[in-house]
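The residues making up each chain are set out below.
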Amino acid sequence: MHSVSDKLDAIPEASIGKQELLRHMQAFLDGDAVLHEAEDLRPYECDGLSAYRQVPLMVLLPRTIEQVQQIVRLCKQYNVPVVARGAGTGLSGGALPLEKGVLLSLAKFKSILNVDPLARTARVQPGVRNLAISDAAKQFGLYYAPDPSSQIACSIGGNVAENSGGVHCLKYGLTVHNILELKVVTIDGELLTIGSQALDSVGFDLLALMTGSEGMLAIIVEVTVRLLPVPERVQVILAAFDDVEKAGAAVGNIIAAGVIPGGLEMMDKLAIQAAEDFVHAGYPRDAEAILLCELDGTNEEVSEQVLQVREVLETSGATEVRTAKDEQERATFWKGRKSAFPAVGRLAPDYYCMDGTIPRKRLPEVLRGMAEMSKEYNLPVANVFHAGDGNLHPLILYDANKEGELERTEAFGARILELCVEVGGTITGEHGVGMEKINQMCSQFDSNELTQFHAVKHAFDPNGLLNPGKAVPTLHRCAEFGAMHVHGGNLPFPELERF
Ligand SMILES: Cc1cc2nc3c(=O)[nH]c(=O)nc-3n(C[C@H](O)[C@H](O)[C@H](O)COP(=O)(O)OP(=O)(O)OC[C@H]3O[C@@H](n4cnc5c(N)ncnc54)[C@H](O)[C@@H]3O)c2cc1C
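Keep in mind it's a predicted model, so treat the numbers as computed, not measured.

The rules behind these values
- Residues numbered from 1 in each chain as written.
- Predicted model: local features only at pLDDT ≥ 70, side-chain atom pairs only at ≥ 80, totals over all residues.
- Heavy atoms only, no water.
- Helix = DSSP H or I, 4+ residues; strand = E, 2+ residues; numbered from the N terminus.
- Buried < 20%, exposed > 50% of the residue type's maximum accessible area, 1.4 Å probe, protein only.
- Contact = heavy atoms within 4.5 Å.
- Polar contact = N/O pair within 3.5 Å; in protein donor to acceptor, adjacent residues only side chain to side chain.
- Near = heavy atom within 4 Å.
- Nonpolar A, V, L, I, M, F, W, Y, C, P; charged D, E, K, R; others polar.
- Patch = residues over 30% accessible without salt bridge, like charges linked within 9 Å, V, L, I, M, F, W, Y side chains within 5 Å.
- Areas by Shrake-Rupley, 256 points an atom, 1.4 Å probe, with all protein chains shown as cover.
- Salt bridge = Lys/Arg side-chain N within 4 Å of Asp/Glu carboxyl O.
- Lys, Arg positive; Asp, Glu negative; His and termini not counted.
- Charge placed at Lys NZ, Arg CZ, Asp CG, Glu CD.
- Pairing = 2+ DSSP bridges.
- Axes fitted to C-alpha atoms, helices over the stretch in contact; angles between N-to-C directions.
- Core = buried A, V, L, I, M, F, W, Y, C linked by side-chain atoms within 4.5 Å.
- Disulfide = S-S within 2.5 Å.

Concerning the environment of tyrosine 283
The residue tyrosine 283 is located in the loop between helix H9 (269-279) and strand S14 (289-297) in this model. Taking the relative accessible area as the measure of exposure, tyrosine 283 reaches 3% and is therefore buried. In the structure, tyrosine 283 is positioned 44 residues away from alanine 239 in sequence and 9.5 Å away in space, judged by C-alpha atoms. If near-sequence neighbours (up to four positions away) are discounted, tyrosine 283 is found in contact with Leu238, Met267, Ile272, Ala275, Glu276, Ile290, Leu292, Phe333, Gly336 and Arg337. Of note is the side chain of tyrosine 283, whose polar atom sits 2.4 Å from the backbone oxygen of phenylalanine 333.

Here you go:
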């Protein structure tokens, strides 16, 4: 396990003791909404990035927006940091608690307030599970498109805070493209409505700013999402390749042929074999890579696109192309993909899931680069990812009990992200920066850009109380990390000490 303090800086000091703060919170929250005993706090000590753990000062579970407002007002008054938490499935330590901070759980905000089939929208509380929205909309022939693999557990508030993606985001967009309006509570306790029920709203696009803000700008207390009609027909094609790079090139060829699949996913040999052993999805075990291409739309559209995609796959060098023969086989093909993470988890005591994005056309060379690094670091890597949107999820296999292996794994992961940036990509596709990738932000952005991020943060949260130390590194950290961009030979912030 890692030291949290290495990764977090700029944490404000509270001006109130724990007991006094507890008394303030207990004055207006139910008894079971204020957790402060060690055994009650322990379940909240990490999110999905369990290499980092920290028990919070206290956990608060409000039920109403007014209670959220009162909590943040008190925190502002006494300079207490606040970390929002949805379902805690985040993979970048975004919801990692702070030792001297309040963990504000939105778990009790779990009502679907309204589904409007005519407007094709749903108004929901932030703690509602992603999949529960589609379940509620199903009776109207509608669904919510962004579908993170964690959708049975993760909350819509967390999805907005991370701008989450999923298999269907290639065609239907990320969370940011599928929400219309947010209600948020600022650090001053004000309730703001951002965006509108219409497709556009006047003024600066604060809706986009809030999406992906990782709990650093405000607390999301209500979300209006867009719903889409369930497609008339869905079909899946499985294509096998004897070469990972050919599979990578086929991805670009499909899009270049003018087809935007509902989903376009890739798995390499290690992932294929793990998934096959785990759920028997019918994957070709000897293939170096497979693509799963989902096509959706009207019956005619899908029939036409199936022929078109099959042809592209064959000319791209696929050794086998199989269209699911019925709904059951389609579900089985997807079961392998959706179980790939736990399947890979059976291959080694631990794995580290990376999340970088690259321009689609650079896929072949990045896959090659990762294979070379895998040899260099002597750590196997399995690839399971949203190939259509160039969102990589390399899973580095390691054993945390072996001396130095976690550090080697993290160094390998950091190199992968740096490669993503080198080819014009980003250090995160959908999992966010959190505290995990705070150092890599220094490679992605220069000091001017980071200064602008700090200015935005300051406009919403001048005392830096909302999720401090996460997502946007201090300039000092970047100077220490040694990854600050140097323009024209001029070292930025020369007065800062280098270590
Ligand atoms: C097995 C597995 C598969 C996954 N697959 C995907 C995937 O395909 N695509 C994908 O995008 N992600 C994926 N994830 C990551 C994760 O599920 C998403 O990031 C998800 O959106 C997190 O939601 P959550 O409710 O668990 O948020 P949390 O982990 O609780 O919080 C995440 C961040 O959001 C902030 N936050 C949470 N709620 C609020 C709120 N109401 N107001 C303000 N800030 C808030 C937190 O402070 C934190 O910074 C996966 C995770 C796992 C474990």
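The structure having been displayed, the exposition proceeds.
A few points about the site of the ligand
Taken together, 33 residues form the shell around the ligand, and within it Ala84, Thr89, Ser150, Ser155 and Ser164 come nearest. Take threonine 89: an N or O atom from its side chain is 2.6 Å from an oxygen atom of the ligand. For the shell around the ligand, the secondary-structure elements that each account for two or more residues are strand S3 (82-85), helix H5 (156-162) and strand S10 (219-226). The biggest single contributor to the shell around the ligand is H5, with five residues. Residues of the shell around the ligand, tallied by class, amount to 12 nonpolar, 17 polar and four charged.

Quick word on a negative patch on the surface
There is a patch of like negative charges on the surface, built from Glu232, Glu300, Glu301 and Glu304. Following the sequence through the fold, glutamate 300 ends up in helix H10 (residues 299-315). Using a relative accessible area of 58% as the deciding quantity, one classes glutamate 300 as exposed.

Remarks on the sheet that holds strand S20 (residues 394-398)
Reading across the sheet, the seven strands line up as S15-S12-S14-S13-S18-S20-S16 and stay open at both edges, with antiparallel pairing between neighbours. In this open sheet, the two edge strands, each paired with only one partner strand, are strand S15 (320-323) and strand S16 (350-353). For this sheet, the mean angle separating the axes of adjacent strands, direction not counted, is 20°. Here strand S13 (residues 263-268) runs beside strand S18 (residues 381-385); their pairing, made up of two bridges, is antiparallel. Bridge pairing in S18 places methionine 266 opposite phenylalanine 385. The strands touched by helix H8 (residues 244-256) are strand S12 (233-241), S13 and S14; relative to S14, the strand with the most contacts, the crossing angle is about 20°.

Overview of the nonpolar core
In this structure, Met25, Ile219 and Leu313 are the most contacted members of the largest nonpolar core, which totals 101 residues. By size, the runner-up hydrophobic cluster in this structure holds 28 residues, among which are Val236, Ala324, Ala343 and Cys353.

Some remarks on the state of the cysteines
Applying the stated criterion to the full structure yields one disulfide. With a sulfur-sulfur separation of 2.2 Å, cysteine 442 is cross-linked through a disulfide to cysteine 478. In this structure the cystine formed by cysteine 442 and cysteine 478 twists about its S-S bond by roughly -80°; its chirality is therefore left-handed. Here cysteine 442 is found in helix H15 (residues 441-444), whereas its partner cysteine 478 is found in helix H17 (residues 475-481), with 36 residues between them in sequence. By relative accessible area, cysteine 442 is classed as buried at 0%. The cysteine cysteine 46 is free of any disulfide, with cysteine 353 supplying the nearest cysteine sulfur at 15 Å.

Points about the sheet that holds strand S2 (residues 58-60)
Strand order in the open sheet made by the four strands is S1-S2-S4-S3, with mixed pairing throughout. Of all strands in the sheet, those bounded by a partner on one side alone are strand S1 (34-35) and S3. Each of S1, S2 and strand S4 (102-105) touches helix H1 (residues 18-26); the most contacted strand, S2, lies at about 10° to it.

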